[in-house]
Amino acid sequence: ELSGTAFQCKVWNKIAAIPRGRTVTYNDIARVLRTAPRPVGGACGANRLPIVIPCHRVVSASGIGGFMRGGGEQALGIKRWLLRHEGVALS
């Protein structure tokens, strides 16, 4: 069941629209929603359906960003794998 705040649902809807093999930045989503990148990151972290709502496709302007609410290096490894699996070239 997808449940969250109105803001989280707006962010999740934007994330769900990101095509496979593409990424957007937290700032890209923030700009569209007229907010800041940090609350977008918070909404990503609150996502309980990370494959259905592919928050791994949201990256930082300066790198890969976070994943699974700060799940550490193991979580970032999962994010890297998912992105590579989708054909996203990581630097």
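See the structure shown above.
Parameters at a glance
Residues numbered from 1 in each chain as written. Predicted model: local features only at pLDDT ≥ 70, side-chain atom pairs only at ≥ 80, totals over all residues. Heavy atoms only, no water. Helix = DSSP H or I, 4+ residues; strand = E, 2+ residues; numbered from the N terminus. Rg over C-alpha atoms; globule rule 2.2 N^0.38 Å. Core = buried A, V, L, I, M, F, W, Y, C linked by side-chain atoms within 4.5 Å. Buried < 20%, exposed > 50% of the residue type's maximum accessible area, 1.4 Å probe, protein only. Contact = heavy atoms within 4.5 Å. Axes fitted to C-alpha atoms, helices over the stretch in contact; angles between N-to-C directions. Parallel < 35°, antiparallel > 145°, perpendicular 65-115°, else oblique. Nonpolar A, V, L, I, M, F, W, Y, C, P; charged D, E, K, R; others polar. Disulfide = S-S within 2.5 Å.

Visitor: Would you mind showing me how to read the overall build of the protein here?
Guide: Secondary structure assignment for the protein yields four helices and two strands. For the protein, the N- to C-terminal ordering of α and β elements is α-β-α-α-β-α. At 12 Å, the protein has a C-alpha radius of gyration in line with the 12 Å of a compact globule built from 91 residues. With the C-alpha coordinates aligned to their principal axes, the bounding extent of the protein is approximately 30 × 25 × 25 Å.

Visitor: Which parts of the structure should I look at to understand the nonpolar core?
Guide: The tendency in soluble globular proteins is for nonpolar side chains to be buried side by side. Judged by nonpolar contacts, the single largest core of 22 residues is most densely connected at I15, V40, C44 and V58. Contributions of two or more residues to this core are made by α1 (6-16), α2 (26-33), α3 (37-45), β2 (58-59) and α4 (72-85). Looking at this core, the element that brings in the most residues is α4, giving four residues. Once residues lying within four places of it in the same chain are set aside, the contact partners of V40 are F7, V11, Y26, I29, A30 and T35.

Visitor: Just to check I follow, could you spell out the packing of α2 against α3 for this structure?
Guide: The description of two helices packed together rests on the angle between their axes and the distance between the axes. α3 packs onto α2 with a crossing angle of 110° between their chain directions and a minimal axis gap of 8 Å. With respect to α3, the element α2 is oriented roughly perpendicular. Of α3, the residues touching α2 (which contributes Y26, N27, I29 and A30) are P37, V40, G41 and C44. Of the residues assigned to the contact of α2 with α3, the class counts are six nonpolar, two polar and no charged.

Visitor: Sorry, what's going on with the packing of α1 against α3 here?
Guide: Between α1 and α3, whose axes approach to 9 Å, the crossing angle comes to 80°. Between α1 and α3, the interaxial angle falls into the category roughly perpendicular. Listed contacts from α3 to F7, Q8, V11, W12 and I15 of α1 are P39, V40, A43 and C44. Tallied by class, residues from the contact of α1 with α3 come to eight nonpolar, one polar and no charged.

Visitor: Just checking my understanding: could you explain the state of the cysteines for this structure?
Guide: Cysteine pairs can be linked by a disulfide, which is a covalent bond between their two sulfur atoms. Within the structure shown, the criterion is met by zero disulfides. Unpaired in terms of disulfides, C9 finds its nearest cysteine sulfur in C44, a separation of 13 Å. A relative accessible area of 24% means that C9 is categorised as partly exposed. Free cysteine C44: the closest other cysteine sulfur is in C55, separated by 5.6 Å. Under the relative-accessibility criterion, C44 is labelled buried at 8%.

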